[in-house]
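# Structural overview
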Amino acid sequence: MHLTVIGSGAWGTALAIAAAGTHRVRLWARDRAQAERLQSERVNARYLPGATLPQSLECDGGDPASLAPSLAATDLVVIATPMAGLRQWLQWLSGALPAAGRGDIPVTWLCKGFERACEPSADGLLGHEIAARVAPDLRVGVLSGPSFAQEVAAGLPTALVAAGAQAPVRDALVAAFHGPTLRVYANDDIVGVEVGGAVKNVMAIATGLCDGLRLGHNARAALITRGLAEMTRLGLALGARAETFMGLSGLGDLVLTATGDLSRNRQVGLLLAQGLTLTQAVDSLGHVAEGVYSARTVAQRARSLGVRMPITDAVVALLDGALQPRDAVARLMARDPVAE
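The shown structure was predicted, so the numbers you read here are calculated from the model rather than taken from an experiment.

### A few points about the pattern of salt bridges
Applying the stated criterion across every chain, the model contains 18 salt bridges. Across the pair Asp 60 and Arg 32 runs a salt bridge whose closest N-O atoms are separated by 2.3 Å. Of this pair, Asp 60 sits in strand β5 (residues 58-61) while Arg 32 sits in helix α2 (residues 32-41), and the two are 28 residues apart along the sequence. Residue classification places Asp 60 among the buried positions, given a relative accessible area of 15%. What you see here is one network of salt bridges that share partners, running through Arg 24, Arg 26, Arg 32, Glu 36, Glu 58 and Asp 60.

### Quick word on the pairing of strand β9 (residues 158-163)
The element β9 is extensively covered by neighbouring structure, given that 5 of its 6 residues are classed as buried. One ladder, built from 3 bridges, connects strand β8 (residues 139-144) with β9; its direction is antiparallel. Note on β9: the bridge partner recorded for Val 142 is Ala 163. Strand direction decides the pairing type here: β9 and strand β10 (residues 182-187), joined by 6 bridges, are parallel. When the sheet's bridge partners are listed, Ala 163 is paired in β10 with Asn 187.

### A few points about the sheet that holds strand β1 (residues 2-6)
The mixed open sheet is built from 8 strands, whose spatial order is β5-β2-β1-β6-β7-β8-β9-β10. Taken across any chain shown, the strands that pair with only one partner, and hence form the sheet edges, are β5 and β10. Strand after strand, the sheet turns through a mean of 25° between neighbouring axes, direction not considered. Bridge count for strand β2 (residues 24-29) against β5 is 4 bridges, and the pairing is parallel. Bridge pairing links Trp 28 to Asp 60 in β5. Here helix α1 (residues 10-20) sits on the sheet in contact with β1, β2, β8, β9 and β10, set at roughly 165° to β2. Along the sheet, helix α7 (residues 190-212) contacts β7 (106-109), β8, β9 and β10; its crossing angle with β8, the most-contacted strand, is approximately 45°.

### Observations regarding the UniProt feature "binding site: sn-glycerol 3-phosphate" (unreviewed entry) in the protein chain
Here, UniProt's "binding site: sn-glycerol 3-phosphate" (unreviewed entry) annotation points to Lys 112, Gly 145, Ser 147, Lys 200, Asp 253, Ser 263, Arg 264 and Asn 265. Along the chain, Ser 147 falls in the loop between β8 and α5 (149-153). Once residues lying within four places of it in the same chain are set aside, the contact partners of Ser 147 are Trp 11, Lys 112, Val 152, Thr 158, Leu 160, Asp 253 and Leu 256. Within the structure, the side chain of Ser 147 is placed 3.1 Å from the backbone oxygen of Gly 145, a separation counted as a polar contact. Mapped onto the fold, Ser 263 is located in the loop between α9 (248-259) and α10 (264-273). Relative accessible area serves as the criterion here: at 3%, Ser 263 is assigned to the buried category. Each residue touching Ser 263, except ones within four places of it in the same chain, is listed here: Phe 148, Ala 204 and Thr 257. A polar side-chain atom of Ser 263 sits 2.8 Å from the main-chain carbonyl oxygen of Thr 257.

### Looking at the packing of aromatic side chains
Taken as a whole and judged by the stated rule, the model has 2 aromatic pairs. Centre to centre, the rings of Trp 28 and Trp 89 are 5.4 Å apart; their planes meet at 80°, and the pair counts as edge-to-face. In this pair, Trp 28 is assigned in strand β2 and Trp 89 in helix α3 (residues 86-99), connecting sequence segments 61 residues apart. By the burial criterion, Trp 28 is buried, and Trp 89 matches it. Consider the rings of Trp 89 and Trp 92, whose centres lie 5.5 Å apart with planes at 80°: the pair is edge-to-face. Within this pair, Trp 89 and its partner Trp 92 are both found in helix α3, separated by 3 residues, close to a single helical turn. For Trp 89, a relative accessible area of 9% corresponds to the buried category. Residue Trp 92 is classed as partly exposed on the basis of its relative accessible area of 25%. Taken together, the aromatic side chains of Trp 28, Trp 89 and Trp 92 make up a single cluster linked through ring pairs.

### What to know about unusual backbone geometry
The residue Arg 42 is not glycine, and still its phi comes out positive at about 60°. In this fold, Arg 42 is placed in the loop between α2 and β3 (43-44). In the Ramachandran plot, Arg 214 falls in the positive-phi region, its phi being about 60° despite a non-glycine side chain. Checked against the element boundaries, Arg 214 lands in the loop between α7 and α8 (217-237). What makes Arg 214 exposed here is its relative accessible area of 75%.

### Looking at helix α6 (residues 167-177)
Those residues of α6 that sit buried are Val 169, Arg 170, Ala 172, Leu 173, Ala 176 and Phe 177. For α6, the angular spread of the buried residues around the axis is 160°, confining them to a single face.

Rules of the game
- Residues numbered from 1 in each chain as written.
- Predicted model: local features only at pLDDT ≥ 70, side-chain atom pairs only at ≥ 80, totals over all residues.
- Heavy atoms only, no water.
- Salt bridge = Lys/Arg side-chain N within 4 Å of Asp/Glu carboxyl O.
- Helix = DSSP H or I, 4+ residues; strand = E, 2+ residues; numbered from the N terminus.
- Buried < 20%, exposed > 50% of the residue type's maximum accessible area, 1.4 Å probe, protein only.
- Pairing = 2+ DSSP bridges.
- Axes fitted to C-alpha atoms, helices over the stretch in contact; angles between N-to-C directions.
- Contact = heavy atoms within 4.5 Å.
- UniProt positions renumbered as here; feature names shortened; annotations may be inferred.
- Polar contact = N/O pair within 3.5 Å; in protein donor to acceptor, adjacent residues only side chain to side chain.
- Phe/Tyr/Trp six-rings, centres within 6.5 Å; stacked < 30°, edge-to-face > 60°.
- Arc of directions from axis to C-beta.

Structure follows, in structure tokens:
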């Protein structure tokens, strides 16, 4: 296969490394100078230091127009940008792929979260909802699941989920990335997979806050368990299947992101517990923490559907500065008793 990976952040680079041993892979960076460094130095010093790029991995970048000629030979496009860039790339590909005679090839993405709503009264959208609006003719899907880029690049065992409504898209993702250390499971519940990937980031902020305040393992277990319940309620309201949330893209991704110290969203909670401001916490990471940007959108979608999400609401209040860390925890513990 010939893969085109758009976006040279940590996750895009890691998957490009993983696939380059079997397939022809082109990693495309928005910054031309960065692409040239990747090509010559064979390391992504900014986003994935310590991981060597295989000599077979092609690196390019710059204006999107420079990407167009290679699309004629591409069998799978993987968008590895943050959620904020997904709409733009789907729109561009909806015109560029047919022009290259490849309008039927799968287009997939790696980002997890809800797109920030353009207007206060509008709903923020998941990736498949964005695609349905701006690129309805594309065959789309998502690759998700519990995974840290550093571990994938190092060849450590990882299991992911390839989700999409169309079987050829799922099959293409499995063919591209399934290998000796990377196992890829197919799932046609793209709604559930994307909800899991979005909400777990918000729950990881809450769990990081809990651990940063040294509230103990009991509190952590409670937050993760009730966070899974919130995730499932929202997913079911959006049309997902309940069993999806007991799998890799639900429980699996939630546990990893909420407890693993490589999690940027967990780090945000830890830093807020130490007394840093949100700006200080985010700036110190050097990478995007999607939960910071999608928490409010998760809460808005939940309210519009009449879904209760008290942990999410507390995280939003914390990020907005309306609550201090200990007050956020106190609000959750002061809730009236309800049946589980």
